[in-house]
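# Report on the structure
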There are 2 protein chains.
Amino acid sequence: MTNSLPRALTELIEAFGSLPGVGARTAERYAYAMLKKSASDARKLAAALETLHGRIKLCPKTFALIDSDQEVSPLYSNPARNRQLVAIVEEPFDVLALENTGQFKGTYHVLGGAISPIDGVGPEQLHIPELVQRLKDDKVHEVILATNASVEGESTALYIQKQLEEAMLKSLKITRLARGLPIGVDLEYADQITLSHALNGRREL
Amino acid sequence: MTNSLPRALTELIEAFGSLPGVGARTAERYAYAMLKKSASDARKLAAALETLHGRIKLCPKTFALIDSDQEVSPLYSNPARNRQLVAIVEEPFDVLALENTGQFKGTYHVLGGAISPIDGVGPEQLHIPELVQRLKDDKVHEVILATNASVEGESTALYIQKQLEEAMLKSLKITRLARGLPIGVDLEYADQITLSHALNGRREL
C-alpha cells in the first residue's frame, strides 16, 4: 500500500481515519472525493479546520460555544430570551438540538459533560458553581434539567438537584425533560418531535 | 441554527457535508469531534487537505496517482514489475485494490474513468491513445481488462478490445478479470479474495 499511493493521499486517509466511525474504506473514499474536487474546495475544508479552535471560545455565562469576538452567547444576550428560565445541558451541541425544536425561549447552561466515574469525570469538572452563582444573579425562576437519558445524565441531574436544594435558592422550580426521550439515546441525536414532547411534558421534582 | 452555533463551526459542518454520503447529522458529529480534539490534530487534517492537490500528479506513463516529485509511478519503474503485462483500470484507486491482493506483478494503465454517455464521458476523454502507444513501446504481451463489472465498465472493456484489435498489435493477448466479481459492485469496494479469484480466473477473449 505504501508503494501504490502517493504520500499526500496516505496522510489524508490517515487523518480522515481519526474521525468518529470512519474506517479505512470510508477514509479512502473521502480522500479520493477530495482529490476529485477542485483544490479550492479542499482548501475551504482545510481553512475551516485550520481556524476552528482559534475562532471559538466558551461563553463565560452559559459555557455554550461562541465566536471568539463575541462577549457572551447571543442566546443569553438576546433580550427576547427569558433569562429566568435556564435549560441545563451536558454538551454544547445539545443547545443546537433544543434550539432546533423552536419551542424554547429561555437560556442555556452547558455543564461541559456528565458525571462519570468510569471516565474519571467528577462533579468538580462541570460548571456547577457558575450555575449556582448565575441562578442567584439572574433571579432564575426555573431550571430544566436537560441532561441525556443515560445513566450518567440521570446521575448528573440528581446531583445538581441536590446541590440546588442545598443552596436554598428561594422559589426555584426544578424541572426535567419528560420521559418521552427513549432511554439510552443521546440528546444530540434525538429527533425534534421527541424533543418537543420532552420539553412540553417536563415535570416538577 | 445560525444563532445557536458559532460561524467557525457552521462553516466546518458545511464543508464536511460536501463529503460523499455525509448528511447534516454526520457533519455535525465530525465537526464536534474535531473541536474536541486538540488544535494540532485539526491542523494535521487541514495541512493534508491544503497540500493535497499540489503534492499529487498523474504518472505520464500509467496515469496512476504519484507524488509530484516523482517522474513515473514506482509500480512502473520498479524492475521487479513486468512491463509486458498491463492491467487496465478505470480509476486510480482501483490500482490500490488490485495491489492489495498481493498477486499482481505486472504494471497498470489507468483510463481515468469509463465510457458513460449519460455522464457525458466519451472514449476521447480516456487515456486510450497513450495505452496503444505504450503497448507498442513496451512490447506488451498481455493486457488485462480490469474495468468495473458495471454497464459502463463492460462497454469500456468492449471498446478497448476493438481498438486494440484494430491497432493490429502482433501477438497481444487480451484477457479480462474472471466473472467472479459480483455484478454491480465497483472494483474499488470488492474484497481481496474475490479480486484474487478474478485475477486468477481471467480468460482470453
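Anything mentioned here points back to the structure above.
The following refers to the structure shown. Because the structure is a prediction, the values reported are computed rather than measured.

This part is about the overall build of chain A. Per the secondary structure count, chain A includes eight helices and seven strands. A buried classification covers 51% of the 205 residues belonging to chain A. Within chain A, counting contacts between residues at least 6 apart in sequence, those at least 24 apart form 53% of the total. On chain A, roughly 9500 Å² of surface is accessible, and the fraction owed to carbon and sulfur atoms is 52%.

Of the residues lining the interface, 59 residues belong to chain B; the matching set on chain A comes to 59 residues. For the pair chain B and chain A, the summed buried area comes to about 5900 Å², and 65% of that belongs to carbon and sulfur atoms. Where chain B packs against chain A, one counts eight salt bridges. Across the salt bridge formed by Glu11(A) and Arg55(B), the nearest N and O atoms sit 3.1 Å from each other. Our count for the contact surface shared by chain B and chain A stands at 19 residue pairs in polar contact (both at pLDDT 80 or more). For the side of chain B that touches chain A, the secondary-structure elements that each account for two or more residues are helix H1 (7-16), helix H2 (24-36), helix H3 (39-50), helix H4 (52-55), strand S2 (65-67), helix H5 (74-77) and helix H6 (92-99) of chain B. No other element matches H2(B), which puts ten residues into the side of chain B that touches chain A. Classifying every residue of the side of chain B that touches chain A gives 35 nonpolar, seven polar and 17 charged.

You can overlay chain B on chain A at an RMSD of 0.1 Å; the transform is a turn of 179 degrees with a shift of 0.0 Å along its axis. Classification of the inter-copy transformation places it as that of a two-fold axis. Proximity to the rotation axis, assessed at the C-alpha, singles out Ala46(B) in chain B; its C-alpha lies 2.0 Å from the axis. A symmetric contact is evident, with 100% of the interface residues of chain B recurring at the interface of chain A.

Moving on to the pairing of strand S5 (residues 142-145) of chain B. Residues and elements named next belong to chain B. Alternating residues of S5 divide into Glu142 and Ile144 and Val143 and Leu145, and every residue in both groups is buried. Relative to S5, strand S3 (residues 82-89) runs parallel, the two being bridged by four bridges. Across the sheet, the residue bridging to leucine 85 is glutamate 142, located in S5. With helix H8 (residues 151-166) bridging S5 and its parallel neighbour strand S6 (residues 173-176), the resulting β-α-β unit is right-handed.

What follows covers the sheet that holds strand S4 (residues 106-110) of chain B. Residues and elements named next belong to chain B. Reading across from one edge, S4-S3-S5-S6-S7 is the order of the five strands in this open sheet, with mixed pairing throughout. Only two strands of the sheet have a single neighbouring strand rather than two, namely S4 and strand S7 (203-204). Contacting S3, S4 and S5, helix H7 (residues 128-137) runs over the sheet at an angle of about 155 degrees to S4. Strand contacts of H8: S3, S5 and S6, with the helix running at about 175 degrees to S6, the strand carrying the most contacts.

Looking now at the pattern of salt bridges. Scanning the model with the defined rule gives 14 salt bridges over all chains in all. With a shortest N-O distance of 3.3 Å, Arg7(B) and Asp67(A) are connected by a salt bridge. Placement of Arg7(B) in helix H1 and of Asp67(A) in strand S2 (residues 65-67) is noted, with the two residues assigned to different chains. Given a relative accessible area of 46%, Arg7(B) falls into the partly exposed group. When salt bridges with common partners are traced through the structure, they connect Arg7(A), Asp67(B) and Asp69(B) into a single cluster.

A few words on the packing of aromatic side chains. The tally for this structure, following the rule as stated, stands at seven aromatic pairs over all chains. When the centroid spacing of 4.5 Å and the interplanar angle of 35 degrees are considered together, the rings of Tyr32(A) and Phe93(B) count as tilted. Of this pair, Tyr32(A) sits in helix H2 (residues 24-36) while Phe93(B) sits in helix H6, on two different chains. Judged by relative accessible area, Tyr32(A) falls into the buried class, the value being 8%. Grouping aromatic residues by their ring pairs yields a cluster made of Phe16(A), Tyr30(A), Phe16(B) and Tyr30(B). When the ring centre of Tyr76(A) is taken as origin, the NZ or CZ atom of Arg83(A), which lies over that ring, is 4.0 Å away.

Calculation criteria
- Counting restarts for each chain, with residues numbered from 1 along the sequence as it is written.
- Written order determines the labels here, with chains lettered from A and ligands numbered from 1.
- Reporting of local features is limited, given that this is a predicted model, to residues whose pLDDT is at least 70; pairs of side-chain atoms are given and counted only at 80 or more, and all residues count toward the totals for whole chains, interfaces and linings.
- Side-chain metrics in this entry use all non-hydrogen atoms of the structure; hydrogen atoms and water are not considered.
- Helical segments are the DSSP runs of H or I of at least four residues, strand segments are the runs of E of at least two, and each set is numbered from the N terminus.
- Note on exposure labels: buried denotes an accessible area under 20% of the residue type's maximum, exposed denotes more than 50%, and partly exposed covers the range between, all computed with a 1.4 Å probe on protein chains only.
- Here, residues are in contact when the closest pair of their heavy atoms is within 4.5 Å.
- Surface accessibility in these figures is a Shrake-Rupley result with a 1.4 Å probe; residues are shielded only by whichever protein chains are displayed.
- By definition, the buried area sums, over both parts, the 1.4 Å-probe accessible area that each loses when the two are put together.
- Note on definitions: salt bridges are taken to be side-chain nitrogens of Lys or Arg within 4 Å of carboxyl oxygens of Asp or Glu.
- Any pair of nitrogen or oxygen atoms within 3.5 Å is treated as a polar contact; in protein, a donor-acceptor pairing is required on top of that, and neighbouring residues in sequence qualify only through side-chain atoms on both sides.
- In this classification, the charged set is Asp, Glu, Lys and Arg, the nonpolar set is Ala, Val, Leu, Ile, Met, Phe, Trp, Tyr, Cys and Pro, and all remaining amino acids, among them Gly, are polar.
- Least squares is the method used to superpose the copies, on C-alpha atoms of residues holding a pLDDT of at least 70 in both.
- Paired strands are those between which DSSP finds at least two bridges.
- If you view a crossover with the strands going away from you and the path from the first strand over the helix to the second runs clockwise, you call it right-handed.
- For helices, the axis comes from a line fit to the C-alpha atoms of the stretch in contact; other axes are also lines fit to C-alpha atoms, and the angle between any two N-to-C directions lies between 0 and 180 degrees.
- Aromatic rings from Phe, Tyr and Trp, taking only the six-membered ring of Trp, are treated as a pair when their centres fall within 6.5 Å; an angle between ring planes under 30 degrees marks them as stacked, one over 60 as edge-to-face, and anything in between as tilted.
- Throughout this description, the term charge over a ring refers to an Arg CZ or Lys NZ atom that lies within 6 Å of the ring centre and within 35 degrees of the ring normal.

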